[in-house]
Amino acid sequence: MDNKQWIFGRHPVLEALQAGQAIEKVYLQQGTRGDFEKELRRICRSHEVPLSVIPKEKINWMVNGNHQGVVALQGVAAYQKLEDILPRLFEQSETPLLLLMDGVTDTRNFGAIARSAELFGVGAIVLPGKGSAGLTPDALKTSAGALSRIPVCRVRSMVSTVEYLQNNDVTVLASDLNGEHSLPNMDMKGAVALVLGSEGDGISKGVAKAADDRFYIPQLGELNSLNVSVAAGIILYESMRQRTQK
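Model, not experiment: these values are computed from the prediction.

What counts and what doesn't
Residues numbered from 1 in each chain as written. Predicted model: local features only at pLDDT ≥ 70, side-chain atom pairs only at ≥ 80, totals over all residues. Heavy atoms only, no water. Patch = residues over 30% accessible without salt bridge, like charges linked within 9 Å, V, L, I, M, F, W, Y side chains within 5 Å. Areas by Shrake-Rupley, 256 points an atom, 1.4 Å probe, with all protein chains shown as cover. Salt bridge = Lys/Arg side-chain N within 4 Å of Asp/Glu carboxyl O. Helix = DSSP H or I, 4+ residues; strand = E, 2+ residues; numbered from the N terminus. Buried < 20%, exposed > 50% of the residue type's maximum accessible area, 1.4 Å probe, protein only. Arc of directions from axis to C-beta. Contact = heavy atoms within 4.5 Å. Core = buried A, V, L, I, M, F, W, Y, C linked by side-chain atoms within 4.5 Å. Pairing = 2+ DSSP bridges. Axes fitted to C-alpha atoms, helices over the stretch in contact; angles between N-to-C directions. Parallel < 35°, antiparallel > 145°, perpendicular 65-115°, else oblique. Left-handed = near helix turned anticlockwise from the far one by under 90°.

> Just checking my understanding: could you explain a nonpolar patch on the surface for this structure?
Residues L226, V230 and I234 make up a contiguous nonpolar surface patch of roughly 220 Å² in combined accessible area. Structurally, I234 is set in helix α9 (residues 228–244). Residue I234 is classed as partly exposed on the basis of its relative accessible area of 33%.

> Honestly, helix α1 (residues 10–18) in this entry has me stumped. Any pointers?
Each α-helix winds once per 3.6 residues, and so residues spaced three or four apart point in a common direction. Burial in α1 covers these residues: V13, L14, A16 and L17. Across the axial projection of α1, the buried residues extend over an arc of 160 degrees, all falling on one side. Facing away from the buried side of α1, by more than 90 degrees, are the exposed residues H11 and E15. Along its buried surface, α1 packs onto β1 (6–8), β2 (23–29), α2 (35–46) and β4 (70–74). The first or second residue beyond α1 is G20, which carries a positive phi of 75 degrees.

> Explain the nonpolar core here, please?
Within soluble globular proteins, side chains that are nonpolar tend to cluster in buried spots. L99, F110, I125 and L194 are the most contacted members of the largest nonpolar core, which totals 33 residues. Listing elements by their share of this core, those giving two or more residues are β5 (97–102), α5 (107–119), β6 (124–128), β10 (192–197) and α9. Once you skip the residues sitting within four places of it in the chain, F110 turns out to touch M101, V104, I125, L127, A133, G134, L135, A139 and L147. Judged by nonpolar contacts, the second largest core, of 24 residues, contains L98, V126, L165 and V207.

> Please explain the sheet that holds strand β7 (residues 152–155) as it appears in this structure.
The pairing of strands in a sheet happens through backbone hydrogen bonds and is either parallel or antiparallel. Here we have seven strands laid out as an open sheet, ordered β7-β6-β5-β10-β8-β11-β9, and parallel in their pairing. The open sheet is flanked by β7 and β9 (181–182), the only strands paired with a single partner. Bridge count for β5 against β6 is three bridges, and the pairing is parallel. Within the sheet, the bridge partner assigned to L100 lies in β6 and is V126. On top of the sheet, helix α7 (residues 158–167) reaches β5, β6, β7, β8 (171–175) and β10; it is set at about 165 degrees to β5, its chief contact.

> Could you clarify how one ought to interpret the pairing of β8 in this entry?
Looking along a regular strand, one sees the side chains alternate between the two faces of the sheet. Most of β8 sits out of view: four of its five residues are buried. Of the pairings in the sheet, the one linking β8 to β10 comprises four bridges and is parallel in character. Within β10, the position partnered with T171 by the bridge is V192. In terms of strand pairing, β8 meets strand β11 (residues 213–216) through three bridges, oriented parallel. Across the sheet, the residue bridging to L173 is D213, located in β11.

> When you look at the packing of α1 against α2 in this model, what are you seeing that I'm missing?
Two quantities define a packed helix pair, namely the angle between the helix axes and the distance between the axes. At their nearest, the axes of α1 and α2 sit 10 Å apart, and the two run at 25 degrees to each other. On the basis of the axis angle, α1 is roughly parallel to α2. The element α1 and its partner α2 pack so that their crossing is left-handed. For the pair α1 and α2, the contacting residues are R10, V13, L14, L17 and Q18 in the first and F36, E39, L40, I43 and C44 in the second.

> What is the right way to look at the pattern of salt bridges in this model?
Between side chains of opposite charge, a pair can form as their charged atoms come close. Within this structure, the stated rule accounts for seven salt bridges. Linking R214 and D176 is a salt bridge whose minimum nitrogen-to-oxygen distance equals 2.7 Å. With R214 in strand β11 and D176 in the loop between β8 and β9, the pair connects residues that are 38 residues apart, well separated along the chain. Classification of R214 as partly exposed rests on a relative accessible area of 22%. According to the relative accessible area criterion, D176 is buried, its value standing at 14%. Put simply, R241 and E238 hold a salt bridge, and the shortest N to O gap is 2.7 Å. In this pair, R241 and E238 both sit in helix α9, three residues apart, roughly one turn of the helix. For R241, a relative accessible area of 29% gives the class partly exposed.

The analysis is restricted to geometry; functional conclusions fall outside its scope.
Right, dumping it as structure tokens:
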């Protein structure tokens, strides 16, 4: 693989994390023990960077060089904290719009969704720390640069994030095939966070339960669902239409 997107070696990876560089994920070789492993886990936790333990053979495939059992995938931009972003969004507008992506794993879908989000007025995108596409070069390219203009926040728990938003007067509306209301009947004029689920499984049960309401996109055909990036475009256009009506 292309070494340009990787940082590898024990000291380079630790230094990159400590310096607050944009790190998408860290991979640690199976069987690594001792002070280095403990320190790496501590720093990853404090910076909310996902860490995965994988076989040596997979790390060898990732990079060409003396990796010392650890590699870090570089991001194209640093993640921001939702607790810092939300007050700013309220300062800019009484009715901020956020987009929560509950397990969207395909990088190109993520990039396409971000492109629609920028076009239709989303103030910030929120991702879970695990099980999600992230700020990679491919995502940035697919987004046509949108990911360099929209703040992206990574959180430990989507359910806790939903509750945090609700406690700060943001209504959380989740896209769900089993939703009770159709998209055109949802009120999106206020401070709203829209939730999109994963490509295969939709939104998680915890998020579905925690959301203020769930909606579906009306359709005439017989297929089960739309591609998530297509669904995002439809939902975000409807939110913009409502929010710009006079």
